[in-house]
Amino acid sequence: MAYDKAADLLELALEIAARRFGMPYADIDRRSDAPTDSAKRRNTQRMVKALEAVFGARLSTDYNDQGEKCVFLEGDKLRELLQLKPDEMTALDRSIETLTTSNAVLDAENLKMLRTKIRLLAPAPKRRSIEIDYEALLSASHVVARPGPSPRIEPATMRPLTEALLAMKQVSFDYKGSNGLHSRTVHPYGVIFGYRAYLVALVHGASGDRPSTWRIDRMANVRVLEQPSNVPPEFHIAAHAKRSFGAFQSEAEYGEVEWRFSPKVAESALSFRFHPDQQMIEEGDGSVTVRFSASGHLEMAWALYPWGSHVEVVKPEPLRRMVEGFQRDDFPGVP
């Protein structure tokens, strides 16, 4: 067997063993670059047969609760084949730094604990062998934070919010708004991380099921209550987040967005992901039009400013008026 095929087989074995409920054949199909679905499935069947030849009785196939055919592999012996790599450990450290600079401080703390556990579980000789290369790679990498200040999110605030979301409990907190400090009790729906972090929640006792957003850096004395939270089963935080450009969301501002970037910056604009559902249109004159639907005019204005006079706001009209007069033409470069 060729070296690359053997490496692919070992990687697949490790992924299957790491899954408690097995790996569906469909997931293995997606690993193949074969041109048709039938060819992908034939590749999957060949790989499963190869795994059977190597692991024998430790490998089995069965159907999961969703009716998908899955492959199962007892993984105890595979631990001896695991090898920590310097670039893997460095990538973990960069992820921790990225989360920290993105205000996801609790996730960063969890990854730090995971990093410690990985080091402890690895055999001592293997830990020593990667240490020098790992330190060298780490010293040669750095995560660049978004320019400008960002509010700090305290772990003491995030922990009870995370606990409440997992336990599906209501939370109460003191919130510093424009009208002073107020106490709130809410049903937490989820958290959106961006330049700022927001809790998506429905105020207890409010009519309807349209949640509001709350800046987490303005919260204090967050407490998990015993009362259960009522989250609509059809609510999905990812779909909800798409209704905003950044993290802030306003139902009143939600609508169609259309920006046109000049031919001079078209190539750069094409490389950007302004919104998950964006449409990019290359116009006949060399300009690029970006269309999507979202809210958050202020965050849009912040994102548009570095493009200077090279971007025109076609829609919405309130955003066009907001940026009018502030689009400079003397920036030496574009994002």
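Above this text is the structure in question.
A quick note: this is a predicted structure, and the numbers were derived from the prediction, not measured.

Enquirer: For this particular structure, what's the right way to read the pairing of strand E3 (residues 69–73)?
Expert: Where a strand is regular, its side chains alternate between the two sheet faces. Bridging between strand E1 (residues 23–24) and E3 involves two bridges; their strand directions are antiparallel. Across the sheet, residue Pro-24 finds its bridge partner in E3, namely Cys-70. Summarising the sheet, strand E2 (residues 59–63) and E3 pair through five bridges and their orientation is antiparallel. Opposite Leu-59, over in E3, you have Leu-73 as the bridge partner. The hairpin formed by E2 and E3 contains five residues between the paired strands, and Gly-67 there has a positive phi angle of roughly 80°.

Enquirer: Explain the sheet that holds E3 to me, please; I cannot follow it from the model alone.
Expert: In sheet architecture, strand pairing relies on hydrogen bonds along the backbone and comes in two forms, parallel and antiparallel. Strand order in the open sheet formed by three strands is E1-E3-E2, with antiparallel pairing between adjacent strands. Each end of this open sheet is capped by a strand with a single partner; those strands are E1 and E2. Where helix H3 (residues 37–55) meets the sheet, its contacts fall on E2 and E3, and the angle it forms with E2 comes to roughly 135°.

Enquirer: In this structure, what is going on with unusual backbone geometry? I would like to understand it.
Expert: In terms of backbone geometry, most residues other than glycine have negative phi values and most peptide bonds are trans. Of note, the bond from Lys-315 into Pro-316 is cis; its omega dihedral lies within 30 degrees of zero at -5°. For Pro-316, the position within the fold is in the loop between strand E12 (311–315) and helix H11 (317–323). A positive phi angle, near 55°, is found at Met-168, a position not held by glycine. Within the fold, Met-168 resides in the loop between helix H7 (155–167) and strand E4 (169–177). Positive phi values are uncommon outside glycine, yet Asn-221 reaches one of about 55°.

Enquirer: Is there a simple way to think about the pairing of strand E10 (residues 279–282) in this case?
Expert: Judged from the four bridges that link them, E10 and strand E11 (residues 288–294) form a sheet pairing that is antiparallel. Counterpart to Glu-282 in the pairing with E11 is Val-288. Here E10 folds back onto E11, and the loop between the two strands holds five residues, one of which, Gly-286, carries a positive phi near 95°.

Enquirer: Honestly, the pattern of salt bridges in this entry has me stumped. Any pointers?
Expert: Two side chains of opposite charge can pair, provided their charged atoms sit close to one another. Overall, the coordinates contain 18 salt bridges when judged by the stated rule. A salt bridge links Arg-30 to Asp-27, with the shortest nitrogen-to-oxygen separation between them at 2.2 Å. Given a relative accessible area of 61%, Arg-30 falls into the exposed group. One salt bridge in this structure joins Asp-330 and Arg-328, with 3.0 Å as the shortest N-O distance.

Enquirer: Please explain the environment of Phe-173 as it appears in this structure.
Expert: Of note, Phe-173 is situated in strand E4. Each C-alpha atom of the pair Phe-173 and Thr-185 lies 6.7 Å from the other, and the pair is twelve residues apart in sequence. Leave out the neighbours within four places in its chain, and Phe-173 touches His-182, Ser-183, Arg-184, Val-186, Leu-199, Trp-214, Met-219, Ala-220, Asn-221, Val-222 and Arg-223.

Enquirer: Is there a simple way to think about helix H10 (residues 297–304) in this case?
Expert: Residue pairs spaced three or four apart in an α-helix point in one direction, given the helix's 3.6 residues per turn. Listed as buried for H10 are His-297, Glu-299, Met-300, Ala-301 and Leu-304. Each element contacted by the buried residues of H10 is listed here: strand E9 (255–261), E11, E12 and H11.

Enquirer: I would appreciate a short explanation of the packing of aromatic side chains in the present structure.
Expert: By convention here, two paired aromatic rings are described through the distance between centres and the angle between planes. Under the counting rule described, the total for this entry stands at 14 aromatic pairs. Between Trp-259 and Phe-292, the ring centres sit 5.4 Å apart and the planes meet at 85°, which makes this aromatic pair edge-to-face. Highlighted residues: Trp-259 in strand E9 and Phe-292 in strand E11, separated in sequence by 33 residues. One aromatic cluster in this structure is built from Phe-245, Trp-259, Phe-261, Phe-272, Phe-274, Phe-292 and Trp-307.

Enquirer: Explain a nonpolar patch on the surface to me, please; I cannot follow it from the model alone.
Expert: Judged by side-chain polarity, Leu-298, Trp-302 and Met-322 come together as a nonpolar surface patch covering roughly 270 Å² of accessible area. Note on placement: Met-322 falls in helix H11. Residue Met-322 is classed as partly exposed on the basis of its relative accessible area of 35%.

Enquirer: Is there a simple way to think about the sheet that holds E12 in this case?
Expert: The strand order E10-E11-E9-E12 describes an open sheet built from four strands, whose pairing is antiparallel. Single-partner strands in this sheet number two, and they are E10 and E12. Pairs of neighbouring strands in the sheet enclose a mean axial angle of 20°, with direction left out of account.

Enquirer: Quick question: what am I supposed to make of the nonpolar core here?
Expert: Among soluble globular proteins, nonpolar side chains are generally buried collectively. Ranked by size, the top nonpolar core spans 20 residues in total, and within it Trp-259, Phe-261, Phe-274, Phe-292, Met-300 and Leu-319 carry the most contacts. Going through the elements one at a time, E9, helix H9 (266–270), E11, H10, E12 and H11 are the ones with two or more residues in this core. Ranked by the residues each element gives to this core, the list is headed by E11, at four residues. Those residues in contact with Phe-274 that sit more than four places away from it in its chain are Phe-245, Trp-259, Phe-261, Ala-269, Met-280, Val-290, Phe-292 and Trp-307. Ranked by size, the runner-up nonpolar core spans 18 residues in total, among them Val-186, Leu-199, Ile-216 and Val-222.

Rules and cut-offs
- Residues numbered from 1 in each chain as written.
- Predicted model: local features only at pLDDT ≥ 70, side-chain atom pairs only at ≥ 80, totals over all residues.
- Heavy atoms only, no water.
- Pairing = 2+ DSSP bridges.
- Helix = DSSP H or I, 4+ residues; strand = E, 2+ residues; numbered from the N terminus.
- Contact = heavy atoms within 4.5 Å.
- Axes fitted to C-alpha atoms, helices over the stretch in contact; angles between N-to-C directions.
- Salt bridge = Lys/Arg side-chain N within 4 Å of Asp/Glu carboxyl O.
- Buried < 20%, exposed > 50% of the residue type's maximum accessible area, 1.4 Å probe, protein only.
- Phe/Tyr/Trp six-rings, centres within 6.5 Å; stacked < 30°, edge-to-face > 60°.
- Patch = residues over 30% accessible without salt bridge, like charges linked within 9 Å, V, L, I, M, F, W, Y side chains within 5 Å.
- Areas by Shrake-Rupley, 256 points an atom, 1.4 Å probe, with all protein chains shown as cover.
- Core = buried A, V, L, I, M, F, W, Y, C linked by side-chain atoms within 4.5 Å.

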